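Take a look at the letters that make up each chain.
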Amino acid sequence: MNRGDLRDIGLAAVLAVAAGAAHYSDATPVLSFVLAAAAIALLARLVGGATEQLGGRVGSSAAGVVQSALGNLPELFIALFALHKGLLGVVQAALVGSVIANGVLVLGIAFLAGGLRNGTQYFDSPRARMTATLMVLAAAILSTPTLASAFHTPAAPHGRTLSFICAGVLLVLFAVTLPSFLSGGDGIEGEPPRWSLRLTVIVLGCAGAAAALTSDWFVAALTPATHTLHMSQDFAGLVIVAIAGNAVENVVGVQLAVRNRPDFAISVIVNSALQVALLLTPVLVFASLAFNTTLTLVFPTLLALALLISGAVVALVVYDGESNKEEGAILIGLYVVIASSFWWGA
Amino acid sequence: MNRGDLRDIGLAAVLAVAAGAAHYSDATPVLSFVLAAAAIALLARLVGGATEQLGGRVGSSAAGVVQSALGNLPELFIALFALHKGLLGVVQAALVGSVIANGVLVLGIAFLAGGLRNGTQYFDSPRARMTATLMVLAAAILSTPTLASAFHTPAAPHGRTLSFICAGVLLVLFAVTLPSFLSGGDGIEGEPPRWSLRLTVIVLGCAGAAAALTSDWFVAALTPATHTLHMSQDFAGLVIVAIAGNAVENVVGVQLAVRNRPDFAISVIVNSALQVALLLTPVLVFASLAFNTTLTLVFPTLLALALLISGAVVALVVYDGESNKEEGAILIGLYVVIASSFWWGA
Amino acid sequence: MNRGDLRDIGLAAVLAVAAGAAHYSDATPVLSFVLAAAAIALLARLVGGATEQLGGRVGSSAAGVVQSALGNLPELFIALFALHKGLLGVVQAALVGSVIANGVLVLGIAFLAGGLRNGTQYFDSPRARMTATLMVLAAAILSTPTLASAFHTPAAPHGRTLSFICAGVLLVLFAVTLPSFLSGGDGIEGEPPRWSLRLTVIVLGCAGAAAALTSDWFVAALTPATHTLHMSQDFAGLVIVAIAGNAVENVVGVQLAVRNRPDFAISVIVNSALQVALLLTPVLVFASLAFNTTLTLVFPTLLALALLISGAVVALVVYDGESNKEEGAILIGLYVVIASSFWWGA
């Protein structure tokens, strides 16, 4: 465990404690919300780091399973607490938001940072293109129940059934694709694990538990905070939850781009979005049966359209075979405009 | 004529006779429907095989015309009988369904089968990419009248006129593109014709006549069968008619993928979808003027959206330059979800 | 100044004078409209030519700025006069129409003409692909306020605010991308300037002034002429204004394709569409604050859908790496069908 690791752990601990203090004191909801969001972002990164270390231990074939299952823990916690509170819109927006935040915002930052450092970057890896293709296909599947409900009168009352069919198909696809593209992390020739197995398990356990607690506080503060800030719950899910729970973790993708390894950067970033679509989303759909609020895949129409457009944009941006700072800037601009249009609402 | 040919012909004859017996007896509509659908699928394949043999005879320049004109006979018959019965929705869904079934389902099966047999398959033929481009352009043209009617108030009452403009443009485009991309079948270095010209003409005539009869029985059973099965007519058109009338014929595309010739597989499969868009659809629009029910290109909105998404997906999947079983599985998953959303309805 | 230049100037002068005569006499509005449109098309070409000459003088770094600022003068004039008259729909349609006319119609003509002359043309320039990517991203940004207003209930009343956010983002992106892709005109190894600086400035001044006058007459004749012709104002903007103000100027792109330089042809044509999206549109949004009619980016829904589809089509057509006359013909067909669906209306 090196100095950077210790700093990360310390900072996450401080933020988590502060978030807890804010939750149990008279702090304003906005402060609780911000602290909890920041803590979750760091804990998500810690969980991501620890699962990677664990992945390095268990052998590359199991690593994919471990990383998929544990890497999305923080988002899973937020979603479960939010569903428990009946905040359906937040969860839906957060799931779609994870895909958009990774595919458009983080990819844009990676292109911008990589372009500023290295000039135009070329990539021609079939792996990156294939990941992008799978992403756009997953986006198409995920948006079909919404399109059917919004634009097809006879299907509209059956959104729930369609959602379960869709979630079932996604889970099957996850199982089918897991061996190939998720264990493909070995492409990023794993650094040898720096942490002992014991330490890894401890960090993972503590960070996971802290993420669970913090998620609870975050969700508790969410409704009052968004009211105070005149922010819609869609926006809170699409932007705040998605960035805190998933996107910050992907800072590693940006680092890869800066180190002039655009192929790996793209694979890491897009893969993360893909896991949300193929695993986290259907798991939550089925898990939600235990709650009063069923998570359907019938999103607000604009959410599904944004998902489709983002999926197509990811594919095109990857297929053109080069990235530069202009492309990165335009991707970030697209994210800003999409996010803005979700600002208003309940 | 080899053993396989004889087996195909025998099986088609048996099924056609069984479908006829079911039609003229007290068989349940569902049985008539299933038998007629199966017979049509085999007859369509037979017609396809015979037109190919004929194409080998008449020289490559005329082969394209012959194949386009005769290869779509079974779908043409079904569509004409259905229009005669006023089943507009079935015909619209069947036309769009042919494009989606070929571009998403059959392509997915080809990728899956090819991937299971040969691992990742690479293709880099400009011909395959160009066919995919033409496909997505045709899908954009074909969906414009629907988008205009659904989303543009002033255009809505003019869907009929727009449909005729659109059909006229499609026919011109068919004429313009025919010499180049349809006769391009010579890329699939034609096996020397195995059948004599006489035999070819006899098979074609008999299979065509049988397809006409069976289509009549199929359409007669369609409404009662779909009622019994609680299946919408949209679904019957999109899935059953499309697969029976067009997609089964494309088993040859899957075989090409298994034989590790992905470029040809893609060209054959996508070309088949393209012929439906550029030839069969506008011909039916104009032919429908002879019926009480005019075929317009103002589809149910979801049908046009599914067409657009499928067109884009075909293009991306072809452009990424490789296919594997995962991509195939996701394509099939997308088809399942799209088809499911059309299950409900009248 | 050679004979061709003189002919162009003479013809533009004659048409501008004729348009003025029609405006100030009892000519029918349709005649005024047609003459003014023709004059604007030629003046736009002249302004384009003169800014290119000026670009050659001022050094390649400033050339991009000059060309962007001055090359869109004629469209800017038309839009300002139309906004002044409250013709919001015409201006919106003209902006989107410039993108569609360049990306679909002019590109289609370039592919068709290039294909007829040179057979299949191959291109594999990252620059052309990158321009297409930026184009599709700009189209996605530009259509977001419309999608939000049409499909997201809470955002609908905030279309104005969203438009300003969107316009601000577009201007920032223009500033960011200007150094790289607009000055990239040096790729088209500038012919040495044929005109003296003085002559260039004179031509530019005169053509600009004439364009301003003619735009006034054009807008004055627009409403009565469209009424007489039973043409909607959307159509007038999307087709007539877009082609007169922007597309005719791009005849140079077609010439490049005929001269078998497809990469440059694509860059020139798509760049022109990009400038409209990144510069002219946001400038007009902010400039419209000076008028009674604010230009928002909340377009008629079909306009935004056509923009998105056209953007995607441009990207795919460029990414497939080859063009031929069939692809050109289908692009032109798509343009015809899209334009047709805007014919009806107020």
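The model shown is predicted, which means the values in this text are computed figures rather than measured ones. (Residues numbered from 1 in each chain as written. Chains lettered and ligands numbered in written order. Predicted model: local features only at pLDDT ≥ 70, side-chain atom pairs only at ≥ 80, totals over all residues. Heavy atoms only, no water.)

Considerations on the overall build of chain A
Then, in step 1: Looking only at helices and strands, chain A features 13 helices and two strands.
Then, in step 2: Over its C-alpha trace chain A gives a radius of gyration of 19 Å, about what one expects of a compact globule, namely 20 Å for 346 residues.
Then, in step 3: In terms of its C-alpha atoms, chain A occupies a principal-axis envelope of roughly 50 × 50 × 35 Å.
Then, in step 4: Evaluated residue by residue, chain A yields a buried proportion of 62% over its 346 residues.
Then, in step 5: Within chain A, contacts between residues separated by at least 24 positions form 85% of all contacts whose residues are at least 6 apart in sequence.
Then, in step 6: Looking at chain A as shown, the accessible area adds up to about 11,700 Å², and 65% of this sits on carbon and sulfur atoms. (Helix = DSSP H or I, 4+ residues; strand = E, 2+ residues; numbered from the N terminus. Rg over C-alpha atoms; globule rule 2.2 N^0.38 Å. Buried < 20%, exposed > 50% of the residue type's maximum accessible area, 1.4 Å probe, protein only. Contact = heavy atoms within 4.5 Å. Areas by Shrake-Rupley, 256 points an atom, 1.4 Å probe, with all protein chains shown as cover.)

Looking at the interface of chain C and chain B
A common way to report how large an interface is uses the accessible area buried once the components associate.
Then, in step 1: Counting residues at the interface gives 31 residues for chain C, matched by 32 residues for chain B.
Then, in step 2: Carbon and sulfur atoms make up 83% of the surface buried where chain C meets chain B, a total of about 2,700 Å² over both sides.
Then, in step 3: Counting every contact that joins chain C to chain B gives zero salt bridges.
Then, in step 4: Put simply, chain C and chain B have four residue pairs in polar contact (both at pLDDT 80 or more) between them. (Buried area = accessible area lost by both parts, 1.4 Å probe. Salt bridge = Lys/Arg side-chain N within 4 Å of Asp/Glu carboxyl O. Polar contact = N/O pair within 3.5 Å; in protein donor to acceptor, adjacent residues only side chain to side chain.)

Section: the side chain of Ser323 of chain C
Then, in step 1: Turning to its location among the elements, Ser323 of chain C is positioned in strand E2 (residues 322-323).
Then, in step 2: Ser323 of chain C sits in the buried class, given a relative accessible area of 1%.
Then, in step 3: Apart from the residues within four sequence positions on either side, Ser323 of chain C is in contact with Met130 of chain B together with Phe111, Gly119, Thr120, Gln121 and Phe123 of chain C.

Side note on unusual backbone geometry
Then, in step 1: In the Ramachandran plot, Asn260 of chain A falls in the positive-phi region, its phi being about 60 degrees despite a non-glycine side chain.
Then, in step 2: Looking at the secondary structure, you find Asn260 of chain A in the loop between helix H10 (251-258) and helix H11 (262-287).

Things to note about the pattern of salt bridges
All names here are of chain C.
Then, in step 1: Here the structure, examined in full by the defined rule, presents six salt bridges over all chains.
Then, in step 2: Notably, a salt bridge pairs Asp8 with Arg7, separated by 3.3 Å at the nearest N-O pair.
Then, in step 3: Since its relative accessible area comes to 56%, Arg7 is described here as exposed.

Focus on empty space enclosed by the protein
Then, in step 1: As enumerated under the stated definition, the model contains eight cavities of 30 Å³ or more in all.
Then, in step 2: Around the largest cavity, the lining comprises 30 residues; the ones closest to its centre are Ile309 of chain A, Leu308 and Ile309 of chain B together with Leu308 and Ile309 of chain C.
Then, in step 3: Across the lining of the largest cavity, the residue classes tally to 30 nonpolar, no polar and no charged.
Then, in step 4: Glu75, Ala79, Ala94, Leu95 and Val241 of chain A are, among the 13 residues lining the second largest cavity, the residues nearest its centre.
Then, in step 5: Those elements that provide at least two residues to the lining of the second largest cavity are helix H4 (73-84), helix H5 (88-118), helix H9 (233-247) and H11 of chain A.
Then, in step 6: Here the lining of the second largest cavity takes five residues from H5 of chain A, the largest share from any one element.
Then, in step 7: For the lining of the second largest cavity, the class distribution of residues is 11 nonpolar, one polar and one charged. (1 Å grid on protein atoms, 1.4 Å probe; cavity = no way out; pocket = protein on both sides within 12 Å on 5 of 7 lines; lining within 4 Å. Points joined across faces, edges and corners; volume = space filled by probe spheres on them. Nonpolar A, V, L, I, M, F, W, Y, C, P; charged D, E, K, R; others polar.)

Focus: the relation of the copies chain C and chain B
Then, in step 1: Take chain C, turn it by 120 degrees, move it 0.0 Å along the axis, and it overlays chain B with an RMSD of 0.0 Å. The transformation just described matches what one would write down for a three-fold rotation axis.
Then, in step 2: A share of only 10% of the interface residues of chain C reappears at the interface of chain B, consistent with the copies meeting through non-equivalent patches. (Least-squares fit on C-alpha atoms with pLDDT ≥ 70 in both.)

Concerning the relation of the copies chain A and chain B
Then, in step 1: Between chain A and chain B, the superposition needs a rotation of 120 degrees and an axial shift of 0.0 Å, giving an RMSD of 0.0 Å.
Then, in step 2: Interface overlap between copies is the fraction of interface residues in one copy that are interface residues in the other; for chain A against chain B it is only 9%, indicating separate surfaces.

Here we look at the interface of chain A and chain B
Then, in step 1: Chain A puts 32 residues into the contact, and the matching count from chain B is 31 residues.
Then, in step 2: There are zero salt bridges connecting chain A and chain B.
Then, in step 3: Seen at the junction of chain A and chain B, the total is four residue pairs in polar contact (both at pLDDT 80 or more).
Then, in step 4: Going through the elements one at a time, helix H6 (126-151), helix H7 (159-182) and helix H12 (301-319) of chain A are the ones with two or more residues in the side of chain A that touches chain B.
Then, in step 5: In terms of residues, the side of chain A that touches chain B owes the most to one element, H6 of chain A, which gives 15 residues.
Then, in step 6: Residue composition of the side of chain A that touches chain B, by class: 23 nonpolar, seven polar and two charged.

Some points on the confidence of the model for chain A
Parts of the prediction with low pLDDT should not have their coordinates interpreted in detail.
Residue and element names in this part refer to chain A.
Then, in step 1: Considering every residue of chain A, the mean pLDDT works out to 88; 93% of them sit at 70 or more.
Then, in step 2: Confidence drops under pLDDT 50 across residues 185-189; counting only partners more than four residues distant or on other chains, this segment forms six contacts.
Then, in step 3: Both scores are available for the predicted complex, with the pTM at 0.92 and the ipTM at 0.89. (pLDDT = per-residue confidence, 0-100.)

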